[in-house]
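A look at the structure
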Amino acid sequence: MDLHGLLSFYFLLLLVAQPHPGNGASSRGSIFGQRRTPAQEIGTCATTVVKQGYPCQEFYVTTKDVYILNMQRIPEGRVANGEKKQPVLLQHGIFADGMTWFTNQPQQNLPMILADNGFDVWIANTRGTRFSRRHAFLDPNTKEYWDWSWDELAANDLPAFVDFIYSQTCLKVHYVGHSLGTLTALASFSQGLVVDKVKSAVLLSPIAYLSRVRSILLNVAANTFLGEATGLIGIAEFKPKGDPAVDSFLRSICTSTGLNCNDLITSLSGFNCCLNASAINNYPENEPQSTSTKNLIHLSQIIRTKVIAKFDGLLLYNLRRYGAFRPPVYNVANLPRDLPLFLGHGGNDAISDVEDVQYLISILKYHLGDNLKSLFVKDYGHFDFIRAVNAKDLVYNEVVDFFKSQK
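Residues numbered from 1 in each chain as written. Predicted model: local features only at pLDDT ≥ 70, side-chain atom pairs only at ≥ 80, totals over all residues. Heavy atoms only, no water.

1. Structural notes on the overall build of the protein
Put simply, the rule reads: Starting at the N terminus, helices and strands are each numbered in turn, a helix being any DSSP run of H or I of at least four residues and a strand any DSSP run of E of at least two. The cut-offs for exposure are 20% and 50% of the maximum accessible area for each residue type, with area from a 1.4 Å probe on protein chains only; residues under the lower value are buried, those over the upper are exposed, and the others partly exposed. Here a residue-residue contact requires only that any non-hydrogen atoms of the pair lie within 4.5 Å.
Looking only at helices and strands, the protein features 17 helices and 11 strands. Burial statistics for the protein: of 407 residues in total, 58% are counted as buried. The long-range fraction of contacts in the protein, counting pairs at least 24 apart against all pairs at least 6 apart in sequence, stands at 77%.

Here it is as structure tokens:
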């Protein structure tokens, strides 16, 4: 897009983003569904886990940049045996929080499966999501609170979770990340952060190299500079649910591209073969969660440049922050050779494209030798790895075996 086209796009955004009388979110609802009321926004343990007969604890963790993050712990399965258990940390992706792991019945959900197999399960909720909107001195209603991207998730949030679990258990942590949770792990571990406290890592629907993203919605967002445009008009918190400006803009994108806004899961991620229909209907109850506009800009930069690098804030920003005109690149090959990895990806995934994942595997395979296992499920899309009704048989049993094989 040339400068004239970009400026035209910005002016269009300013027009479509204005709430119109009679058709705002208050009268017809967001394309993602209505926001939950404060009375509904209570902890994951009370609303979901304990009701299924599992013990559950809520914790708060403070990052280096003093964001206060919520996490849950399922210390054992429904049948307790009193033995000390190996901890596992589950990290969600973008527009989600820890509830994303609990969309099916207990026997189909990864946290419960891990707990019933003798693991101590911890569930992360990254900054900006509904239970992690606290800070030592910043208000989440200010733009300063939202001045972060996945750089900060990799440098601050993930290490804070791992450090806290290690401090509580004195044991190394198995890690499971989905989607953006895989990118933050690769970025964090490649810089040597907390790898001495991580026992192994499972990356489901991994995103790193995004050269062949087939997602129509992501490509439109990246190539029309969606993040930059929303940032220009002062939207620091990208709130897909309940913000009339964001909602109106997303509607305009769907209309102009012919996307089905009523099936955003498919428009975003491609076809998912095996999701529970009732879980899809309940999707607006828990997701999408807010993220920062800066985070979307950063992800768009990866798609456009095809390089995994730190946030590019242009010349003055980069000089001030990095001491160079261009942001530093993350070298995924720097992951420790002895860190066991398990990568699961699907043939229908429009975000974690098969060729991109194979390229990532080729880099890791060269570096890690025998400490790498990959699982390809031909029919799976992006969300099948965390929500498919048959994921226990096709994926989770393999994950459990992988963890149990670690000495």
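Resuming the write-up.
2. A short note on the packing of aromatic side chains
What characterises a pair of aromatic rings is the spacing of the ring centres plus the angle enclosed by the ring planes. Filter applied, for reference: Aromatic pairs are defined between Phe, Tyr and Trp rings, using the six-membered ring for Trp, whenever the two ring centres lie within 6.5 Å; interplanar angles under 30 degrees are classed as stacked, those over 60 as edge-to-face, and all others as tilted.
Tallied over the entire structure, the rule returns 16 aromatic pairs. Ring plane angle 45° and centroid distance 6.2 Å describe the contact between F95 and F238, whose orientation is recorded as tilted. Residue F95 is located in the loop between β3 (86-91) and α4 (110-116), and its partner F238 is located in strand β8 (residues 237-238); the two are separated by 143 residues in the primary sequence. Residue F238 is classed as buried on the basis of its relative accessible area of 3%.

3. A look at the packing of helix α5 (residues 150-169) against helix α6 (residues 180-190)
Note the following rule: In this analysis, axes come from line fits to C-alpha atoms, helices being fitted only over the stretch in contact, and the angle between any two N-to-C directions falls in the range 0 to 180 degrees. Note on terminology: angles under 35 degrees are roughly parallel, angles over 145 are roughly antiparallel, angles of 65 to 115 are roughly perpendicular, and the others are oblique. Side-chain classes are defined by residue name, with Ala, Val, Leu, Ile, Met, Phe, Trp, Tyr, Cys and Pro counting as nonpolar, Asp, Glu, Lys and Arg as charged, and the others, Gly among them, as polar.
For the pair α5 and α6, the least separation of the axes is 9 Å and the interaxial angle reads 75°. The angle between α5 and α6 places the two elements in the roughly perpendicular class. Only L180, L183, T184, A185, A187, S188 and F189 of α6 make contact with α5, whose side of the interface consists of W150, L153, A154, L158 and P159. For the contact of α5 with α6, the residue count by class is 10 nonpolar, two polar and no charged.

4. Looking at the confidence of the model for the protein
To be explicit about the condition: Per-residue confidence from the predictor is reported as pLDDT, a score between 0 and 100.
Across the protein, the average pLDDT comes to 83, with 78% of residues at or above 70. This stretch, residues 1-40, has a pLDDT under 50; its non-local contacts, to residues over four places away or in other chains, come to 67 contacts.

5. Description of the environment of N117
The line we're drawing: Polar contacts, as used here, are pairs of N or O atoms within 3.5 Å; protein pairs need one atom able to donate a hydrogen and one able to accept it. Residues neighboring in sequence count only if both atoms are side-chain atoms.
The topology assignment puts N117 in the loop between α4 and β4 (119-124). You can call N117 partly exposed: its relative accessible area is 32%. A sequence separation of 284 residues divides N117 from D401, and the C-alpha atoms of the two residues are 9.9 Å apart. A distance of 2.8 Å separates the side chain of N117 from the backbone oxygen of I113, its partner in a polar contact.

6. Let's talk about the environment of Q107
Of note, Q107 is situated in the loop between β3 and α4. The spacing of Q107 and K392 is 285 residues in sequence and 8.0 Å in space, taken between C-alpha atoms. If sequence neighbours within four positions are ignored, Q107 has contacts with I113 and K392.

7. Quick look at the side chain of D384
Quick note on the threshold: Think of it this way: Lys and Arg go in the positive column, Asp and Glu in the negative one, and His and the chain ends go nowhere. What makes a salt bridge here is a side-chain nitrogen of Lys or Arg within 4 Å of a carboxyl oxygen of Asp or Glu, nothing more.
In this fold, D384 is placed in helix α16 (residues 384-387). One buried charged residue, D384, remains without a salt bridge, the closest side chain of opposite sign being R387 at 9.2 Å. Here the side chain of D384 touches C274 through a polar contact of 3.0 Å, landing on its backbone nitrogen. Once you skip the residues sitting within four places of it in the chain, D384 turns out to touch N272, C273, C274, L275, D379 and A391.

8. As for a nonpolar patch on the surface
Defined as follows: Each patch is built from salt-bridge-free residues with over 30% relative accessible area, joining like charges within 9 Å and nonpolar side chains (Val, Leu, Ile, Met, Phe, Trp, Tyr) within 5 Å. For the area figures, the Shrake-Rupley method with a 1.4 Å probe applies, and any residue is considered shielded solely by the protein chains shown.
Residues L315, L316, L319 and F325 make up a contiguous nonpolar surface patch of roughly 440 Å² in combined accessible area. A relative accessible area of 37% means that L319 is categorised as partly exposed.

9. Details of the environment of W148
Locating W148 in the fold gives a position in the loop between β5 (134-135) and α5. With relative accessibility at 2%, the residue W148 sits in the buried group. Put simply, W148 and N295 are 147 residues apart on the chain and 6.5 Å apart in space, counted from C-alpha to C-alpha. Dropping the residues within four chain positions of it, W148 is found in contact with Y67, R127, G128, L153, T291, S292, K294 and N295. A distance of 3.2 Å separates a polar side-chain atom of W148 from the backbone oxygen of Y145.

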